[in-house]
Amino acid sequence: MTRRWLVTGCSSGLGRALAGAAAEAGDLVVATARRPATMDDLADRYPGRLSALALDVCDAGQCEAAVAHAVDRFGGVDVLVNNAGSGLFGAVEEVSDDELRAQLEVLTVAPWRLTRLVLPLMRRQGFGHIVNVSSIAGRIGLPGLSAYVAGKYALEGMSQALAAEVAPFGIRVHAVEPGGFATRYGTSLAEAAGRIPAYAQSTGDLEAGLRGMAANPDLTRPEVFAHHVLRLVASPTAPLRLPIGADAYAFLEAAEAAGTTELAAAHAFVQGSAERPGTDAAPVTPFPASGPAR
């Protein structure tokens with residue numbers, strides 16, 4: 001089956017790897033980025049199968065134009081991959097209202113907008129896939145990535161609600177949760193304008209790990225991400241949430257264990273127990289030194 005893809009954020013990293021892999025598999029791909037010239041080599045390598053298109057996902061008009069282009073060029077969209085992203089480093093106290101809005105616009109509002117635009121096409125054809133590229137930060141609070149974490153948590157919640165809403169129409173939804181990947185996420189990470197030196201003690205280690213992601217030989221390569229997303233859309237039994245990456249499962253399992261401990265402590269507290277589970281245990285901080293993939 002030849003699938004028609006619309007993928008955002010394809011200039012580098014995970015999106016670029018996925019666009020190339022889908023075209024290599026014989027599918028039809030509209031690969032988008034703010035600077036489409038970064039994809040000229042992909043368009044040359046897969047003529048007729050990969051169309052490179054300019055798209056700023058924060059521009060509503062450009063989002064509409066991208067979906068229209070996919071319809072005009074390939075006849076529709078079978079798989080939407082909301083991959084475009086950006087990161088802002090800063091503690092809650094350091095992040096301004098405008099910086100928070102800008103981060104949420106990219107991570108939550110733009111995927112919501114593009115999903116809304118493709119759903120009428122998918123409902124009419126009776127099938128489709130929405131793949132939202134989240135992060136392990138969509139399930140773990142990472143100090144210093146407060147705005148990024150908020151955006152990814154929102155994206156995960158939207159994905160879960162959406163999956164229930166569109167299941168009757170034959171449309172499937174997935175939230176892919178990369179762990180640490182060797183991408184330029186860390187080097188392109190913006191900083192909040194109002195940094196406060198006192199927060200270095202709680203956020204400094206994570207920031208250092210993020211900045212070195214691209215050169216870290218221990219992190220997973222973007223081609224692994226592409227491989228699993230292709231498998232995801234081809235499988236009738238793939239889960240709603242799919243962690244990807246060598247480290248993702250270890251961190252999420254630690255987070256699940258911490259959540260279980262916290263829930264037990266909360267239940268004991270509400271019940272008025274004198275002996276609360278976890279009272280004497282050391283606090284669990286399940287976050288990676290390298291941070292999320294994107």
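Because the structure is predicted, anything quoted here is derived from the model rather than measured.

Asker: What should I look at first to understand helix α5 (residues 146-166) in this one?
Answerer: Because each turn of an α-helix spans 3.6 residues, side chains separated by three or four positions end up pointing in the same direction. For α5, spanning 21 residues, the distance from its first C-alpha to its last is 30 Å, which sits close to the expected 30 Å at 1.5 Å a residue. Among the residues making up α5, those that are buried are Ala147, Tyr148, Val149, Gly151, Lys152, Leu155, Glu156, Met158, Ser159, Leu162, Ala163 and Val166. Buried residues along α5 sit against β5 (88-89), α4 (97-125), β6 (128-133), β7 (171-178), α6 (185-188) and β9 (241-244).

Asker: In this structure, what is going on with the nonpolar core? I would like to understand it.
Answerer: Note that soluble globular proteins tend to have their nonpolar side chains buried in a common cluster. Ranked by internal contacts, the top residues of the largest apolar core, which has 30 residues, are Trp5, Leu18, Val29, Leu50, Val81 and Phe225. Of all elements in the fold, only β1 (4-7), α1 (13-24), β2 (28-33), β4 (79-82), β6, α8 (222-234) and β9 reach the threshold of two or more residues within this core. The leading source of residues in this core is α1, at six residues. The contact partners of Val29, leaving out residues within four places of it in the chain, are Trp5, Val7, Ala19, Ala22, Ala23, Arg49, Leu50, Ser51 and Phe74. Residues Leu6, Val67, Val166 and Ile171 belong to the second largest nonpolar core, which totals 24 residues.

Asker: Mind showing me how you'd approach helix α9 (residues 248-270) here?
Answerer: A rise of 1.5 Å per residue sets the reference length of α9, with its 23 residues, at 33 Å; its end C-alpha atoms lie 33 Å apart and thus fit the reference within 8%. Along α9, the positions that sit buried rather than exposed are Ala248, Leu252, Ala255, Ala258 and Ala268. The secondary structure elements touched by the buried residues of α9 are β7 and β9. Two residues or fewer after α9 comes Gly272, characterised by a positive phi angle close to 80°.

Asker: It is not clear to me how the packing of helix α3 (residues 60-74) against α4 should be interpreted in this structure. Could you clarify?
Answerer: Geometry of a packed helix pair, given as the angle between the helix axes and the separation of the axes. Packing of α3 against α4 brings their axes to within 10 Å, and their N-to-C directions diverge by 30°. Between α3 and α4, the angle is such that the two are roughly parallel. For the crossing formed where α3 meets α4, the hand is right-handed. Facing α3, whose interface residues are Ala60, Cys63, Glu64, Val67 and Val71, α4 presents Arg113, Leu114, Leu117, Val118 and Leu121. Split by residue class, the contact of α3 with α4 holds eight nonpolar, no polar and two charged.

Asker: It is not clear to me how the packing of aromatic side chains should be interpreted in this structure. Could you clarify?
Answerer: Each aromatic ring pair is described using two quantities: the centre-to-centre distance and the angle formed by the ring planes. In this structure the tally under the stated criterion is two aromatic pairs. Here the aromatic rings of Phe181 and Phe225 are separated by 6.4 Å at their centres, their planes lie at 85°, and the arrangement is edge-to-face. One end of the pair, Phe181, is in the loop between β7 and α6; the other, Phe225, is in helix α8, and 44 residues separate them in sequence.

Asker: Honestly, the sheet that holds β4 in this entry has me stumped. Any pointers?
Answerer: Strand order across the open sheet formed by seven strands is β3-β2-β1-β4-β6-β7-β9, with parallel pairing between neighbours. Strands with a single pairing partner mark the edges of an open sheet, and in this sheet they are β3 (50-54) and β9. Averaged over neighbouring strand pairs, the angle between their axes works out to 20° when direction is ignored. With six bridges connecting them, β6 and β7 associate as parallel partners. Residue Gly128 lies in a different strand from β7, and its bridge partner there is Ile171. Seen against the sheet, α3 touches β1, β2 and β3 and runs at an angle of roughly 160° to β3. Its contacts with the sheet place α8 against β1, β4, β6, β7 and β9, and it is angled at close to 160° to β7.

Asker: Help me out: how do you make sense of the pairing of β6 in this one?
Answerer: When you tally the buried positions in β6, you get six out of six residues, the bulk of the element. As paired strands, β4 and β6 are joined by four bridges and run parallel to one another. If you follow Leu80 over to β6, its bridge partner there is Ile130. After leaving β6, the chain enters α5 and then returns to the sheet as β7, a path that is right-handed.

Calculation criteria
Residues numbered from 1 in each chain as written. Predicted model: local features only at pLDDT ≥ 70, side-chain atom pairs only at ≥ 80, totals over all residues. Heavy atoms only, no water. Helix = DSSP H or I, 4+ residues; strand = E, 2+ residues; numbered from the N terminus. Expected span 1.5 Å × (residues − 1). Buried < 20%, exposed > 50% of the residue type's maximum accessible area, 1.4 Å probe, protein only. Contact = heavy atoms within 4.5 Å. Core = buried A, V, L, I, M, F, W, Y, C linked by side-chain atoms within 4.5 Å. Axes fitted to C-alpha atoms, helices over the stretch in contact; angles between N-to-C directions. Parallel < 35°, antiparallel > 145°, perpendicular 65-115°, else oblique. Left-handed = near helix turned anticlockwise from the far one by under 90°. Nonpolar A, V, L, I, M, F, W, Y, C, P; charged D, E, K, R; others polar. Phe/Tyr/Trp six-rings, centres within 6.5 Å; stacked < 30°, edge-to-face > 60°. Pairing = 2+ DSSP bridges. Right-handed = clockwise from strand over helix to strand, strands pointing away.

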